[in-house]
Amino acid sequence: MTEAWRYSAQGISVALRVTPRGGRDDIDGLETLANGRSVVKVRVRAIAEGGEANRAVTELLAKALGVPKRAVRVLSGTTSRLKQLAVDGDPKQLGETLRRLTAPKPD
């Protein structure tokens, strides 16, 4: 499975599939879409109205990656379940943390 993020000089760009009203705020691992693209599966308790889910997603990602909230922003997909987010910081460190967070969990 390919990584769901790309590296840049400023940090990383992450492809997400978001489930609003998902019961909890969590990162559920990686998924391959029908077109072959990999995305990070994320669920948030917030509803998809008035930007609530986008806010919850950026806060969840910031906390999980150990970066300030201002370092995470939505690049595209503000009204879609499929989103592209930019995270500013050390690309290598962010990539390692994401790899750990999305690793399959043992049964």
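Residues numbered from 1 in each chain as written. Predicted model: local features only at pLDDT ≥ 70, side-chain atom pairs only at ≥ 80, totals over all residues. Heavy atoms only, no water.

K.L.:
Looking at this structure, how should I read the environment of Val72?
P.N.:
Within the secondary structure, Val72 sits in strand 5 (residues 72–76). Classification of Val72 by relative accessible area gives buried; the value is 7%. Through-space distance from the C-alpha of Val72 to that of Gln84 is 11 Å; in sequence the pair is 12 residues apart. Beyond its immediate sequence surroundings of up to four residues, Val72 is in contact with Thr58, Leu61, Ala62, Val67, Leu85, Ala86 and Val87. (Helix = DSSP H or I, 4+ residues; strand = E, 2+ residues; numbered from the N terminus. Buried < 20%, exposed > 50% of the residue type's maximum accessible area, 1.4 Å probe, protein only. Contact = heavy atoms within 4.5 Å.)

K.L.:
Would you explain helix 2 (residues 91–102) in this entry?
P.N.:
Along an α-helix, a turn takes 3.6 residues, which lines up residues three or four apart on a common side. When the terminal C-alpha atoms of helix 2 are compared, their 16 Å separation across 12 residues agrees well with the 16 Å that a helix rising 1.5 Å per residue should span. Of the residues making up helix 2, those classed as buried are Pro91, Leu94, Gly95, Thr97, Leu98 and Thr102. One side of helix 2 holds all its buried residues, which, seen down the axis, span an arc of 165°. In helix 2, the exposed residues that point more than 90 degrees away from the buried face are Lys92, Gln93 and Arg100. Check the buried side of helix 2 and you find it contacts strand 1 (5–7), strand 2 (11–19), strand 3 (26–32), strand 4 (38–43), helix 1 (52–65) and strand 6 (82–88). (Expected span 1.5 Å × (residues − 1). Arc of directions from axis to C-beta.)

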